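Observations on the model geometry
As a plain string of letters, each chain reads:
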Amino acid sequence: MSFLIGVDELKERMINKTESTVIVDVRFVLTDPDAGRKLYLNEHIPGAVYLDLNRDLASKAAKHGGAHPLPDMELFAAKMGNIGIGHETTVVIYDEENDMFAARMWWLLHYLGHEKAYILEGGYKKWVEEGNPVTAELPSLKRKQFEPKIRSNEVVSMKDVKERVENKKAILIDSRDKERYLGIREPLYSKAGHIPGAVNYFWKDVLNSDGSWKNKEQLAKHFSSLPKDKEIIVSCGSGVSACPNIVALKSLGYENIKLYPGSFSDWISYDENDIELDESTL
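In what follows, the accompanying structure is described. (Residues numbered from 1 in each chain as written. Predicted model: local features only at pLDDT ≥ 70, side-chain atom pairs only at ≥ 80, totals over all residues. Heavy atoms only, no water.)

1. Notes on the pairing of strand β2 (residues 21-25)
- Burial analysis of β2 places four of its five residues in the buried class, the great majority of the element.
- Of the pairings in the sheet, the one linking β2 to strand β4 (residues 90-94) comprises five bridges and is parallel in character. Among the inter-strand pairings, T21 is bridged to a residue of β4, identified as T90. (Buried < 20%, exposed > 50% of the residue type's maximum accessible area, 1.4 Å probe, protein only. Helix = DSSP H or I, 4+ residues; strand = E, 2+ residues; numbered from the N terminus. Pairing = 2+ DSSP bridges.)

Shown next as structure tokens:
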């Protein structure tokens, strides 16, 4: 996977300090929003700075826009500079394991045009399991100038989704698990089901049974039904778990990939929008 970095490579970077590297801890628990920050304050990879899904990687939810709207990009870019990320900085992002929050952070940096962002394979758990040091010490940050080059064509609105899927201009992916996609259960939102026409690719299916990322051959087989010459819109519940699918597709060379940031939680905020319960196919 071209967007992954291994524990040994990160350790080597930290020891040799060969390049400017910023490590970002994005551990988070949806059912306990303060848990990730508490974990970080207790112990983290030395030098890592903490970014919070709700406070940093999203803006406050409103009537429309979904449960985790994209952050204000001017503010987010300034924040990146404040934590030491510049144009040439290599950013290593880690979650508890291989989870959706690291992929969300990776996508935000990608959206801002940053080319040197990597997800730590296996996350914090693998770092600790291999006997590497942890600390509770907070890092000293050196501010840099972060100049965003926003890839504005990599996001779509609710209206875009409706028009492009109805007219067969794009393929829409729903990244939630099958039961939520089919409306069998819905723990978070007032309505259950999926956006009409969406096909289901559960985000955890980009991982092996042991939690590691699948290699390119496995991913190519997994996504073999998706044509590379078609626009693919990736959604989920609120634009977070869609991101591992985007990372995986981009690693395979899919170029026309868009995120629907509001996803299902935004779609259902419009009363006129239909919801589907039967499985859609390509």
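2. Description of the sheet that holds strand β5 (residues 117-120)
- Strand order across the open sheet formed by five strands is β1-β5-β4-β2-β3, with parallel pairing between neighbours. Here the strands that pair on one side only, and so sit at the sheet edges, are β1 (4-5) and β3 (49-50).

3. Thoughts on the sheet that holds strand β9 (residues 257-259)
- If you walk across this open sheet you meet the four strands as β7-β6-β8-β9, and the pairing is parallel. Both edges of this open sheet fall to β7 (199-200) and β9, since each of them pairs with a single strand only.
- Strand direction decides the pairing type here: strand β6 (residues 170-174) and strand β8 (residues 231-235), joined by five bridges, are parallel. Residue pairing in the sheet places A170 in a bridge with E231 of β8.

4. Looking at the pattern of salt bridges
- Scanning the model with the defined rule gives 19 salt bridges in all.
- One salt bridge connects D25 with R27, and the closest N-O pair in it is separated by 2.8 Å. Like D25, the residue R27 is buried in the burial classification.
- Here D174 makes a salt bridge to R176, at a shortest N to O gap of 2.7 Å.
- One network of salt bridges, in which partners are shared, links D174, R176, R180 and E186. (Salt bridge = Lys/Arg side-chain N within 4 Å of Asp/Glu carboxyl O.)

5. Thoughts on the nonpolar core
- Counting residues in hydrophobic clusters, the biggest one holds 71 residues, and the most contacted among them are M105 and F223.
- With ten residues, the top contributor of residues to this core is helix α4 (residues 100-111).
- Each residue touching M105, except ones within four places of it in the same chain, is listed here: V24, V26, L51, L57, F76, M80 and I93.
- Judged by nonpolar contacts, the second largest core, of 16 residues, contains L172, A198, Y260 and Y270. (Core = buried A, V, L, I, M, F, W, Y, C linked by side-chain atoms within 4.5 Å. Contact = heavy atoms within 4.5 Å.)

6. Considerations on the environment of E137
- Relative to the helices and strands, E137 is located in the loop between α5 (123-129) and α6 (158-166).
- E137 sits 58 residues away from I195 along the chain, and the two C-alpha atoms are 45 Å apart.

7. Some details on helix α3 (residues 73-82)
- Turning to α3, its buried residues number three or more, namely M73, F76, A77, M80 and G81. Buried residues of α3, seen end-on, are gathered within an arc of 145° and therefore sit on one face of the element. Facing away from the buried side of α3 by more than 90 degrees, the exposed set consists of E74 and L75.
- At its buried positions, α3 is contacted by α4.
- Two or three places before E74, at the opening of α3, D72 has a side-chain oxygen 3.1 Å from that residue's backbone nitrogen. (Arc of directions from axis to C-beta. Polar contact = N/O pair within 3.5 Å; in protein donor to acceptor, adjacent residues only side chain to side chain.)

8. Observations concerning unusual backbone geometry
- Even without being glycine, K168 reaches a positive phi, approximately 60°.
- Along the chain, K168 falls in the loop between α6 and β6.
- Phi at S263 is positive, roughly 50°, even though this residue is not glycine.
- Positionally, S263 belongs in helix α10 (residues 263-267).
- Given a relative accessible area of 0%, S263 falls into the buried group.

9. Observations regarding the packing of aromatic side chains
- Under the criterion given, the structure shown has eight aromatic pairs.
- Consider the rings of Y94 and Y124, whose centres lie 5.8 Å apart with planes at 20°: the pair is stacked. With Y94 in strand β4 and Y124 in helix α5, this residue pair connects regions lying 30 residues apart in the sequence. Pair check on accessibility: Y94 and Y124 agree, each one buried.
- The aromatic ring of Y124 is capped on one face by R27, whose charged end is 4.1 Å from the ring centroid.
- Above the plane of the ring of W267 lies K162, whose end atom (NZ or CZ) is 5.6 Å from the centre. (Phe/Tyr/Trp six-rings, centres within 6.5 Å; stacked < 30°, edge-to-face > 60°. Lys NZ or Arg CZ within 6 Å of the ring centre and 35° of its normal.)

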